[in-house]
Amino acid sequence: AKDIIGVLFRAGKMATINDPLDENDLLDIGMELGVDVTIKRAETVEDVISAQLALPDEELGDIQPRPPIITVLGHVDHGKTTLVDKIRSANVAKGEAGGITQHIAAYQVDHNGHKLTFVDTPGHAAFGEMRARGANVTDIVVLVVAADDGVMPQTVECIAHARAAGAPIVVAMNKIDLPGANEQKVLTDLANQNLLPVEWGGDTEVVRVSALNGTGLDNLLETLLVTAELKELKAPTDAPADGVCLEAFRDEGRGPVAWIIVRRGTLRVGDLVLCGPSFGFIRAMYNDRDEEISEAPPATPVRVAGLNAVPNAGDTFLVLADDDIDIAREVAETRQVRGRTELLSRRGGPRTLEEFLSKKEGTIRDLPLIVKADTPGSIEALRHELGKLQHDEVRIQIIHEAVGGVNESDVYLASSAGAIIIAFHVVPEDRAQSLAEQEEVEIRRYNIIYNVTDDIRGALEGLLKPER
Ligand code: GDP
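Residues numbered from 1 in each chain as written. Predicted model: local features only at pLDDT ≥ 70, side-chain atom pairs only at ≥ 80, totals over all residues. Heavy atoms only, no water.

- Going by the annotation in an unreviewed UniProt entry, the name recorded for the protein is Translation initiation factor IF-2, with Caulifigura coniformis given as the source organism.

## Topic: the overall build of the protein
- Within the protein, the secondary structure is distributed over 14 helices and 21 strands.
- Within the protein, buried positions represent 48% of all 468 residues.
- Surface accessibility of the protein: about 22300 Å² in total, with carbon and sulfur atoms responsible for 50%. (Helix = DSSP H or I, 4+ residues; strand = E, 2+ residues; numbered from the N terminus. Buried < 20%, exposed > 50% of the residue type's maximum accessible area, 1.4 Å probe, protein only. Areas by Shrake-Rupley, 256 points an atom, 1.4 Å probe, with all protein chains shown as cover.)

## Regarding a negative patch on the surface
- A cluster of acidic side chains, namely D77, D148, D149 and D177, defines a negative patch on the protein surface.
- With respect to the secondary-structure elements, D77 resides in the loop between β2 (69–74) and α4 (80–91).
- Exposure remark for D77: the relative accessible area of 64% places this residue in the exposed category. (Patch = residues over 30% accessible without salt bridge, like charges linked within 9 Å, V, L, I, M, F, W, Y side chains within 5 Å. Salt bridge = Lys/Arg side-chain N within 4 Å of Asp/Glu carboxyl O. Lys, Arg positive; Asp, Glu negative; His and termini not counted. Charge placed at Lys NZ, Arg CZ, Asp CG, Glu CD.)

## Description of the environment of V406
- In this fold, V406 is placed in the loop between β19 (394–403) and α12 (408–417).
- V406 gets classed as buried once you look at its relative accessible area, which sits at 0%.
- On a C-alpha basis, the gap between V406 and C158 in space is 15 Å, while along the polypeptide they are 248 residues apart.

## A closer look at the packing of aromatic side chains
- Scanning the model with the defined rule gives one aromatic pair in all.
- When the ring centre of Y286 is taken as reference, the NZ or CZ atom of R254 above it lies at 4.8 Å. (Phe/Tyr/Trp six-rings, centres within 6.5 Å; stacked < 30°, edge-to-face > 60°. Lys NZ or Arg CZ within 6 Å of the ring centre and 35° of its normal.)

## What to know about the sheet that holds strand β4 (residues 114–119)
- Taken in spatial order, the six strands of this open sheet run β3-β4-β2-β5-β6-β7, and their pairing is mixed. The strands lining the two open edges of the sheet, one partner per strand, are β3 (106–111) and β7 (206–208). Across the sheet, the axes of successive neighbouring strands diverge by a mean angle of 30°, strand direction being ignored.
- Of the strand pairs in this sheet, β3 and β4 are connected by six bridges, and their pairing is antiparallel. Bridge assignment links Q108 to a residue of β4, and that residue is T117.
- Lying over the sheet, helix α6 (residues 153–164) contacts β2, β5 (140–146) and β6 (169–174), oriented at roughly 170° with respect to β5. (Pairing = 2+ DSSP bridges. Axes fitted to C-alpha atoms, helices over the stretch in contact; angles between N-to-C directions. Contact = heavy atoms within 4.5 Å.)

## As for helix α5 (residues 124–132)
- Of all nine residues in α5, seven are buried; the element is thus mostly enclosed.
- Every buried residue of α5 is accounted for by H124, A126, F127, G128, M130, R131 and A132.
- Count one or two residues on from α5 and you reach G134, which has phi positive near 85°.

Below is the structure:
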């Protein structure tokens, strides 16, 4: 270090032992000191990490059944929080009940000897945000619909998010204790969203519950287990763990603390973890009841201490060999410096109509669109006109449509699904606009239907004209 600092000093650069050096400095130092310098870029390490995360389960050893990971979504005030709390408190023994007042990011319950993991996402925009960060951990979505209110605008957004995530939807028809509950209306509303209830011959399970007094919750858990069983959820258990950070904060005494959920493998105290821009050896691990544990198998949510910094919600984590501590540090530092925005642009998938066009590989490609418009009539007309566009290789897929300005939920949905947003006679909300820039989501604004169809047809035919 002394020699290196000396070289830098002679070149007029003041550096301490903790300063990062740029490439030119490194090459100069190499020349001065007469040593060969090989620069290993963190990006190439990132590629190795991505490859490890993308390894198929079978290559990670013995595959075992695992609990389903469930996220509860729904329109505001329809009862998500009450439901999540009720399921948890019903499952916590009396003596522990004090522990449940504390906020937790996820928990596990036991129903007739089977485990279910619930993730407490603060709303569907956050759900979309997690997915936009590449963190798709949800197997099943519970869609809460209040029986006295029916399907509302945010319910429709939740449905779009669940579908984009490829997660089956189980409907919890909540507040059935209320005199104003109108079950038939809820079922009709659901059918109108292409969620045809089982009792009407469709395949959407609709479970009547009252989150307030606990009615129907056993039934809901049972339905979730049956849905999970159909998915045959499995994961390798005897492998280095990977998974996702649900949320993280700095604890006065313990330093950075992260709620993470193990996707595959088993996480152990002492493991070297790289999680987004943070790394460290797991010093202590706690379950959702605040009990200290030493091992966490797949689908287990745990709170861990030992990371050197606070990671972000949605950051992926993985366990590295102890020897790889230098790699972990380097990657974490590079990520720190590079920051969140740039990390995002590493995601694959086209972002704009132009990019979509330039991506030619594959035979049939989907062009996912989100349509926001001023009136139901406009949406109807757009859907009709877009439906007329046919192409051998490209399928237009409207993944969400709704009346109203472009909001944050739309942007996260577009970001995670690689969709383009068509704003017809509407403008993006301020926060959605800046979010779109950050997430590199294209919002195309139009006032004339035929400009929309012309552009999309143009895109399909490879003749995209500039935005009007
Ligand atoms: P969230 O915004 O979806 O999380 O909704 P909350 O869980 O905060 O519930 C909104 C309101 O509805 C609260 O006042 C709850 O007490 C009430 N609520 C939730 N579930 C029920 C239910 O099953 N029956 C009745 N009567 N009220 C409920």
